Amino acid sequence: MNPIDRIFALFQEKGQGAYFGEPVTQTEHALQCAHLAEQSRAGSDQIAAALLHDIGHLLHGLPEDIAEQGIDGRHEEGGAAWLERYFPSAVVDAVRLHVAAKRYLCAVEPAYAAALSPASQRSLELQGGPMSTEEVRAFERKPNFRSAVAVRRWDDAAKVPGLAVPGLEHYRRHLQAVLIQREPA
Ligand SMILES: [Fe+2]
């Protein structure tokens, strides 16, 4: 099966679970996030990252209340490691860094931290809390950190119950545009 079909199948099979204490499913959350990226006139790499940023949750199959159980599933690492097989670093870095981007924004924008949803504030503690000054500097040296910050802002906004947005197929051309085309073995 080609990687895009596998990804869509994963959403269809596992995306109906609630998105970690938020009033949307995993698939609704991903679709809203990608829609916000597209509305911001982002490129296909950022739209793909927005759609796929939480794919690690679907790959893990962890229970939806893990943050309440005090577990950090490290979904960004699992998702990035899987995506690396099919997508370039512009996509993968934004996925890998989207949790760090939350810690970054909490450090550089006090208003950002205050506006996080209760579930997101709970998971922030598990993720290490706001970054220190040294961590902020190190983060700003990472490739594609701005892209991760952009994905993070769409991520935070992509939690609107019942919002009508385009479906998975709408994003096939964006995924196709950035997919790494390998020579057939
Ligand atoms: Fe998310």
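Owing to the predicted nature of the structure, the values given are computational and were not obtained by experimental measurement.

> So what exactly am I meant to see when it comes to the pattern of salt bridges here?
When their charged atoms lie close together, side chains carrying opposite charge are able to pair. Tallied over the entire structure, the rule returns nine salt bridges. Across the pair R173 and E38 runs a salt bridge, and its minimum N-O distance is 3.6 Å. Highlighted residues: R173 in helix α12 (residues 172-178) and E38 in helix α2 (residues 26-39), separated in sequence by 135 residues. Take R173: its relative accessible area is 55%, and that puts it in the exposed class. The exposure class of E38 is partly exposed, given its relative accessible area of 22%. Among the ionic pairs, R103 bridges to E135, the shortest N-O distance being 3.1 Å. Pair noted here: R103 is in helix α7 (residues 98-108) and E135 is in helix α10 (residues 133-140), with a separation of 32 residues, a long-range link. By relative accessible area, R103 is classed as buried at 12%. Overlapping salt bridges bring together D5, E169 and R172 as one network.

> Would you take a moment to explain the packing of aromatic side chains for this structure?
By convention here, two paired aromatic rings are described through the distance between centres and the angle between planes. All chains considered together, the criterion is met by four aromatic pairs. Taking the centre distance of 6.1 Å and the plane angle of 75° together, the rings of Y104 and F145 count as edge-to-face. Separated by 41 residues along the polypeptide, Y104 in helix α7 and F145 in helix α11 (residues 145-157) bring together distant segments of the chain. Accessibility assignment for this pair places Y104 and F145 in one class, buried. Considering the side-chain rings of F139 and F145, the 5.7 Å spacing of their centres and the 70° angle between planes classify their relative orientation as edge-to-face. Residue classification places F139 among the buried residues on the basis of a relative accessible area of 1%. An aromatic cluster is built from Y104, F139 and F145, whose rings are joined through pairwise contacts.

> Quick question: what am I supposed to make of the layout of surface pockets here?
Leftover empty space is mapped by rolling, across the atoms, a probe with the size of a water molecule. There is about 230 Å³ of room inside the second largest pocket. Every residue lining the second largest pocket is counted, 15 residues in all, and those nearest its centre are R74, E76, A100, R103 and M131. Elements supplying a minimum of two residues to the lining of the second largest pocket: α5 (75-83), α7 and α10. Of the residues in the lining of the second largest pocket, the class split is six nonpolar, one polar and eight charged.

> Help me understand α2, please; the structure alone is not making it clear to me.
Here α2 is 14 residues long and its end C-alpha atoms lie 20 Å apart, about the 20 Å a rise of 1.5 Å per residue gives. Judged by how many residues are buried, α2 sits mostly within the fold: ten of 14 residues are covered. When we look at burial in α2, the residues that qualify are Q26, T27, H29, A30, L31, Q32, C33, A34, H35 and A37. Where α2 terminates, the next one or two residues include R41, which has phi positive at roughly 60°.

Conventions used here
Residues numbered from 1 in each chain as written. Predicted model: local features only at pLDDT ≥ 70, side-chain atom pairs only at ≥ 80, totals over all residues. Heavy atoms only, no water. Salt bridge = Lys/Arg side-chain N within 4 Å of Asp/Glu carboxyl O. Helix = DSSP H or I, 4+ residues; strand = E, 2+ residues; numbered from the N terminus. Buried < 20%, exposed > 50% of the residue type's maximum accessible area, 1.4 Å probe, protein only. Phe/Tyr/Trp six-rings, centres within 6.5 Å; stacked < 30°, edge-to-face > 60°. 1 Å grid on protein atoms, 1.4 Å probe; cavity = no way out; pocket = protein on both sides within 12 Å on 5 of 7 lines; lining within 4 Å. Points joined across faces, edges and corners; volume = space filled by probe spheres on them. Nonpolar A, V, L, I, M, F, W, Y, C, P; charged D, E, K, R; others polar. Expected span 1.5 Å × (residues − 1).

Any functional reading would require information that these geometric values do not contain.
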